[in-house]
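Listed here are the chains, written in short residue letters.
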Amino acid sequence: MPSRSDVRPAPENRVLHRRSLAWHLLVRLLPAVLLLATMDSVITYVLTRKLNTQSHDRALVDTTRALARQVVMTPQGPQLDPAWNTTRFLTTDPDERTYFRISVDGEIIAGTAVLPSPPVVDDPDGADEDGAEPPTLLDRINKAVPTIYDSLVEGLPVRAVALDFSFDDYLVEVAMAETLNTRSRFIEEILSVLVAGQLLLIALLGFVIVTAVRSGLESVSKLSDEIESRSIDDLQPIGGDDVPSELTLLIAKTNSLLGRLDEAVAAQRRFIGHAAHQLRTPLSGLKLESELMLARPVPDDVRQRAERIKAAADRMIRVGEQLLVLARIDANVRPRDTFTRIDLTELTRECGARWVPAARQAHVEIVLVAPDEPVWVDGDEVLLDQLLGNLVDNAIRYHGGPGQIVLRVNDSPPSLVVEDDGPGIAPEDRARVFDAFYRAKNSQAGGSGLGLAIVKEIAEAHGAHWDLRSRPEFAGTRISLVFPGPRIGAHLSRVRIEPRQPDW
């Protein structure tokens, strides 16, 4: 069946798919999103590292001050309180190693000597007492300005804090350091969560972009389906009410092009109709003159010429009638709006009866197979009569001998089938027999090649689908037309009814 589904998609469709709008937006937006995500990750990492360092430094300073408060005065000078539990105090985290050192006037009285000294600072007491009485030891420890620095202990990087304060006439220095395992582990966890979150955000953004574009272009897809389902002759303007505003200009330009094509096609149809109408009158006169000449006794050579003139006039009149039918069929004016309810069975019976004399003259029998009840379709009665007449005429012309033509009407769905047991149509000709003015190379019967072209035009105007089968699939030729049925109040029977023979 010649239909739109038989047309193979162009290779450009794959290119258009690869360059879809969703893909275009992803290609344009994802680099920017990646850059922003990277910048956000870097900034978040720097801020988190800074806050993490400040938090641990503050805790380390507090621990160092707590250690400094354990220094007591003895007769031998400042010493670490013996009652203080050094192990429990310094092992707060099993993953960390903690070091401390307490020195008085440069001499280490507790802790480890491997802890490097802090950078040299001036006025460790922060002498801003404004001439007041010397503060207590606790005040001196609380007001001591900590020195925070990085160093290495036993080959391990550490973060250290040193407090310098005076105690009576002694200069006391308390230093504490811890390894960076907890800090590094915290930063790694934050970084991994941050990167995973950014990747998930990018994936979700890509999904949202694709989903949003497809949702936003759903109206465009519906518009594409509407255009795809149109007949090749349907040049009505495209409706753009539901499409995005960015496409309104494209639709307007497309409608302008369709309007110009519509005017060109209409002008062509008018010219064909006018030309066929103007030719019909002189051709009828020529045919009449040849018939009058043949009605009188004339020499044999003159009679042969008159018969050839009459046959040529008949062919030209037939061509003119077919051209008028083609000019009348115009899918652009929506012929469905003027369709009437037609009984397909009765139409087939009346049209078939008119072709019985021509069929008998060609030794062909016409048989009607139809249900008893009416089969209703919406259509133009004159055009459908022309459609069936062209199918029967073609079947008689190209039958080539005695045989049978079957006119079959089905009710579920409404369909019309014309079958004959003639020689059939060659496979290489089946795809083109519906083209105007095309005739098979081995065709012996006369004709203009417009019969099946008219059938195609009328079928498309009625929204019908056609199917052509011939040898070896079918013993002869079978052309089927399936109609959409009545638009309003359709009650299609699903029960097959035994057909009856016509009273011809």
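Quick caveat: nothing in here was measured; it's all calculated off a predicted structure.

Parameters at a glance
Chains are numbered independently. Their residues run from 1 in the order of the written sequence. Local features in this predicted model are restricted to residues whose pLDDT is 70 or higher, and side-chain atom pairs enter the listing and the counts only when it is 80 or higher, whereas totals over whole chains, interfaces and linings include all residues. Processing note: side-chain calculations cover all non-hydrogen atoms of the structure and skip hydrogens and water entirely. When the centres of two rings from Phe, Tyr and Trp lie within 6.5 Å, Trp using its six-membered ring, the rings pair. Their planes under 30 degrees apart give stacked, over 60 give edge-to-face, and anything left gives tilted. Helix numbering and strand numbering both begin at the N terminus, where a helix is a DSSP run of H or I of at least 4 residues and a strand a DSSP run of E of at least 2. Each residue is assigned to one of three classes by its accessible area relative to the maximum for its type, calculated with a 1.4 Å probe on protein chains only: buried under 20%, partly exposed between the two thresholds, exposed over 50%. Residue contacts follow a heavy-atom distance rule, with two residues in contact if any of their heavy atoms lie within 4.5 Å. Here a salt bridge means any side-chain nitrogen of Lys or Arg lying within 4 Å of a carboxyl oxygen belonging to Asp or Glu. Two strands are said to pair when DSSP picks up at least two bridges between them. UniProt positions are given in the numbering used here, feature names are shortened, and annotations may be inferred rather than shown by experiment. Exposure above 30% relative accessible area and no salt bridge define the residues that can form patches, which grow by joining like charges within 9 Å and nonpolar side chains of Val, Leu, Ile, Met, Phe, Trp and Tyr within 5 Å. Residue burial considers only the protein chains on display, and all accessible areas are found by Shrake-Rupley using a 1.4 Å probe. We call a set of buried residues a nonpolar core when its members are Ala, Val, Leu, Ile, Met, Phe, Trp, Tyr or Cys and they connect through side-chain atoms within 4.5 Å of each other.

Here we look at the packing of aromatic side chains
(1) Moving on: One pass over the structure, following the stated rule, counts one aromatic pair.
(2) Moving on: For the pair F434 and W466, a centre-to-centre distance of 5.8 Å together with 45° between the ring planes defines the contact as tilted. One end of the pair, F434, is in the loop between α12 (427-430) and α13 (451-461); the other, W466, is in strand β13 (residues 465-470), with 32 residues separating them in the sequence.
(3) Moving on: Accessibility expressed as a relative area gives 4% for F434, which makes it buried.
(4) Moving on: Residue class for W466 comes out buried when judged on its relative accessible area of 7%.

Focus on the environment of I342
(1) Moving on: Tracing the chain through its elements places I342 in strand β8 (residues 340-343).
(2) Moving on: Separated by 33 residues in sequence, I342 and V375 have C-alpha atoms that sit 8.0 Å apart.
(3) Moving on: For I342, the residues in contact, after removing those within four places along its chain, are L347, V375, W376, V377, G379, D380, E381 and L384.

Observations concerning the pattern of salt bridges
Any two side chains of opposite charge can pair, on the condition that their charged atoms come close.
(1) Moving on: Under the defined criterion, the tally for this structure stands at 16 salt bridges.
(2) Moving on: The shortest N-O distance in the salt bridge between E346 and R349 comes to 2.9 Å. One end of the pair, E346, and the other, R349, are both in helix α9 (residues 344-354), three residues apart, so they sit about a helical turn from each other.
(3) Moving on: Classification of R349 as buried rests on a relative accessible area of 18%.

Observations concerning the pairing of strand β2 (residues 77-80)
(1) Moving on: Bridge count between strand β1 (residues 71-74) and β2: four bridges; the pairing is antiparallel. Note on β2: the bridge partner recorded for M73 is P78.
(2) Moving on: Counting the residues in the hairpin turn of β1 and β2 gives two residues.

Regarding the UniProt feature "transmembrane region" (unreviewed entry) in the protein
(1) Moving on: UniProt annotation of "transmembrane region" (unreviewed entry) refers to residues 25-48 and 190-213 when read in the numbering used here.
(2) Moving on: Annotated as 100% helix and 0% strand, the span residues 25-48 places its first and last C-alpha atoms 33 Å apart.
(3) Moving on: End-to-end, the C-alpha atoms of residues 190-213 are 34 Å apart, and along that stretch the chain is 100% helix and 0% strand.

Some words on the pairing of strand β7 (residues 170-179)
(1) Moving on: A large share of β7 lies buried, amounting to eight of its ten residues.
(2) Moving on: Bridge count between strand β3 (residues 98-104) and β7: seven bridges; the pairing is antiparallel. Looking at β7, one finds that F100 is bridged to M176.
(3) Moving on: Sheet topology places strand β6 (residues 156-167) next to β7; ten bridges connect them, and they run antiparallel. For R159, the partnering residue across the bridge sits in β7 and is E178.
(4) Moving on: Turn length for the β6-β7 hairpin, with the two strands adjacent in sequence and antiparallel, is two residues, and the turn residue D168 shows positive phi of about 55°.

Some details on a nonpolar patch on the surface
(1) Moving on: Together, L35, L36, M39, I43 and L47 give the surface a local cluster of nonpolar side chains, amounting to about 510 Å² of exposed area.
(2) Moving on: Within the secondary structure layout, L36 lies in helix α2 (residues 21-68).
(3) Moving on: The exposed category is assigned to L36, whose relative accessible area is 56%.

Details of unusual backbone geometry
Most of the time, phi is negative for any residue but glycine, and the peptide bond is trans.
(1) Moving on: For the bond running from S412 to P413, omega is 0°, close enough to zero to count as cis.
(2) Moving on: For P413, the location among the structural elements is in the loop between β11 (403-411) and β12 (414-420).
(3) Moving on: Here the amide bond leading from R471 into P472 is cis, since omega sits at 5°, within 30 degrees of zero.
(4) Moving on: Within the element layout of this structure, P472 appears in the loop between β13 and β14 (477-482).
(5) Moving on: Located in the positive-phi region is D105, a residue other than glycine, with phi close to 55°.
(6) Moving on: Relative to the helices and strands, D105 resides in the loop between β3 and β4 (107-111).
(7) Moving on: Positioned with a positive phi, H363 is a non-glycine residue whose angle comes to about 60°.
(8) Moving on: Looking at where H363 falls in the secondary structure, it is placed in the loop between α10 (356-361) and β9 (364-369).

Here's the deal with the nonpolar core
(1) Moving on: Core analysis: the biggest nonpolar cluster contains 39 residues, and L344, L387, L391, I405, L407, L481 and F483 have the highest contact counts within it.
(2) Moving on: Among the secondary structure elements, those contributing two or more residues to this core are α9, β9, α11 (381-397), β11, β12, α13, β13 and β14.
(3) Moving on: At eight residues, the largest contribution of residues to this core is made by α11.
(4) Moving on: The contacts of L481, once residues within four sequence positions are left out, are L387, L391, P414, S415, L416, V455, A459, H465 and W466.
(5) Moving on: L80, V104, A110 and I141 belong to the second-largest nonpolar core, a separate cluster that totals 19 residues.

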